[in-house]
Amino acid sequence: MPVVRKRLAGPAVEVAPTLLNHLLVKGNRVGRIVEVEAYGGRDDPASHAYRGETNRNRVMFGPPGHCYVYFTYGMHWCTNIVCGPPGEAQAVLIRALHPVAGMAAMRAVRPAARRDTDLCNGPAKLCQAMGITGADGGTDLLAGEPGTLGLLDDGMAPPRRPGNGVRVGISVATGRRLRWWVEGDPCVSKARPVALTAS
DNA sequence: CTTTGGATCGTCT
DNA sequence: GACGATCCAAAGG
C-alpha cells in the first residue's frame, strides 16, 4: 500500500524511526528499510542544508515524499527521503536495506558483495544495488509510478523499540543520537567508531 | 577477525 | 584548494 504523505509532514527526528520496516522499491528490486538517520536543516551543522539552499541540496527544501540523492567521495550516491514542511530541508538518510526481491539483479551490479546481507548494508551500497543515481533525484516516492523509485508500506509496523545511537561518518554534531535501526537485523551497516566532538 | 589507506570528483570556501 | 552523510582490498593478528 502507498504511504500517506501526511505521515512525512513532521521533522526528520520524528519521521525517521517510523520509516523502519517500510519498503523501498525500484522495478523488480525491493528492500526493507532497516537503518536510517535524521538530518535537519539550518539547525543541524551536519546537514547538507545547514548553509542554506544550493543547486545541490535544492530538493531538500522542496515538498516531503521526494528523494534527495547526492554524490559523494567522487564515486558514491546516497539517498534521502525529504520530510517536514517545504522550506525546512528535513531529510531521512536511508543507510541500509534488507533485500526482499531482485537479489539477482543486485548481485549483478555488486560483485563485491559476498553474501546477500552485504548487498545493501550501507547508504552507497544500497544505491548501487537498487540502481539509484542522480537521475532518480527529485523523484516523488509516493507517486506509485511503475518502474520508478518508490516507498511502500506492506503493513509491517516499525519496531516498537528500535536501536538508537549517534550518526555515522560525520565530523560535526557527532553527539546527537539521530540514527535508528532494526535491532538484530543482519543488514544493518557496521558503523566505524567516530571520535566524539561537539553536539 | 580487525585495521588501514587509497580511490576519485563535485561542491563550496 | 580542501573535504566529504563511503567502500573495498590488502595487510596484520
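Colleague: Hey, could you run me through the layout of surface pockets in this one?
Modeller: Any empty space left between the atoms is revealed when a probe the size of a water molecule rolls over them. The computed volume of the largest pocket comes to approximately 570 Å³. Of all elements in the fold, only β2 (29-39), β3 (67-72), β4 (76-83), β5 (90-101) and α3 (123-130) reach the threshold of two or more residues within the lining of the largest pocket.

Colleague: Just to check I follow, could you spell out the pattern of salt bridges for this structure?
Modeller: Oppositely charged side chains are able to pair whenever their charged atoms sit close together. Per the counting criterion, the structure on display carries twelve salt bridges. Across the salt bridge formed by Arg95 and Glu35, the nearest N and O atoms sit 3.0 Å from each other. Placement of Arg95 in strand β5 and of Glu35 in strand β2 is noted, with a sequence separation of 60 residues between them. Looking at Arg95, the relative accessible area reads 8%, which means it is buried. Shared partners join several salt bridges into a network, and the residues in it are Glu35, Glu37, Arg95 and Arg179.

Colleague: Would you take a moment to explain the protein's contact with DNA strand C for this structure?
Modeller: His48, Tyr70, Asn80, Arg110 and Ala124 are the nearest of the 23 residues found near DNA strand C. Atoms of DNA strand C within 4 Å of the protein: sugar and phosphate make up 54%, bases the balance. Between a phosphate oxygen of DNA strand C and a side-chain N or O atom of His48, the distance comes to 2.6 Å. Here a base nitrogen of DNA strand C sits 3.5 Å away from a polar atom, N or O, in the main chain of Tyr73. The biggest single contributor to the surface near DNA strand C is α3, with three residues.

Colleague: What should I look at first to understand unusual backbone geometry in this one?
Modeller: Trans peptide bonds make up the majority, and among non-glycine residues the majority have a negative phi. The backbone of Tyr73 shows a phi angle near 55 degrees, a positive value even though the residue is not glycine. Inspection of the secondary structure puts Tyr73 in the loop between β3 and β4. Its identity as a non-glycine residue notwithstanding, Ala89 has a phi of 60 degrees, on the positive side. Among the secondary structure elements, Ala89 is positioned in the loop between β4 and β5.

Colleague: What should I look at first to understand the pairing of β3 in this one?
Modeller: Working note: regular strand, side chains alternate between the two faces of the sheet. Taken across its six residues, β3 has five buried, putting it largely inside the fold. Hairpin remark: β3 followed by β4, antiparallel, with three residues in the connecting loop; positive phi at Tyr73, about 55 degrees.

Colleague: Is there a simple way to explain the packing of aromatic side chains in this structure?
Modeller: For any pair of aromatic rings, the description consists of the separation of the ring centres together with the inter-plane angle of the planes. Counted under the stated rule, the structure contains two aromatic pairs. Arranged with centres 4.9 Å apart and planes meeting at 50 degrees, the rings of Phe71 and Trp77 form a pair that is tilted. Judged by relative accessible area, Trp77 falls into the partly exposed class, the value being 29%. One residue, Arg167, lies across the ring of Tyr39, its end atom 4.6 Å from the ring centre.

Colleague: Help me understand the state of the cysteines, please; the structure alone is not making it clear to me.
Modeller: Each disulfide consists of a covalent bond between the sulfur atoms of two cysteine residues. Taken as a whole, this structure holds zero disulfides when the rule is applied. Take Cys83: it sits in no disulfide, and the sulfur closest to it among the cysteines is that of Cys67, at 13 Å. The closest cysteine sulfur to the non-disulfide-bonded Cys120 is located on Cys187, 7.3 Å from its own sulfur. The exposure class of Cys120 is buried, given its relative accessible area of 0%.

Calculation notes
- Residues numbered from 1 in each chain as written.
- Chains lettered and ligands numbered in written order.
- Predicted model: local features only at pLDDT ≥ 70, side-chain atom pairs only at ≥ 80, totals over all residues.
- Heavy atoms only, no water.
- 1 Å grid on protein atoms, 1.4 Å probe; cavity = no way out; pocket = protein on both sides within 12 Å on 5 of 7 lines; lining within 4 Å.
- Points joined across faces, edges and corners; volume = space filled by probe spheres on them.
- Helix = DSSP H or I, 4+ residues; strand = E, 2+ residues; numbered from the N terminus.
- Salt bridge = Lys/Arg side-chain N within 4 Å of Asp/Glu carboxyl O.
- Buried < 20%, exposed > 50% of the residue type's maximum accessible area, 1.4 Å probe, protein only.
- Near = heavy atom within 4 Å.
- Polar contact = N/O pair within 3.5 Å; in protein donor to acceptor, adjacent residues only side chain to side chain.
- Pairing = 2+ DSSP bridges.
- Phe/Tyr/Trp six-rings, centres within 6.5 Å; stacked < 30°, edge-to-face > 60°.
- Lys NZ or Arg CZ within 6 Å of the ring centre and 35° of its normal.
- Disulfide = S-S within 2.5 Å.

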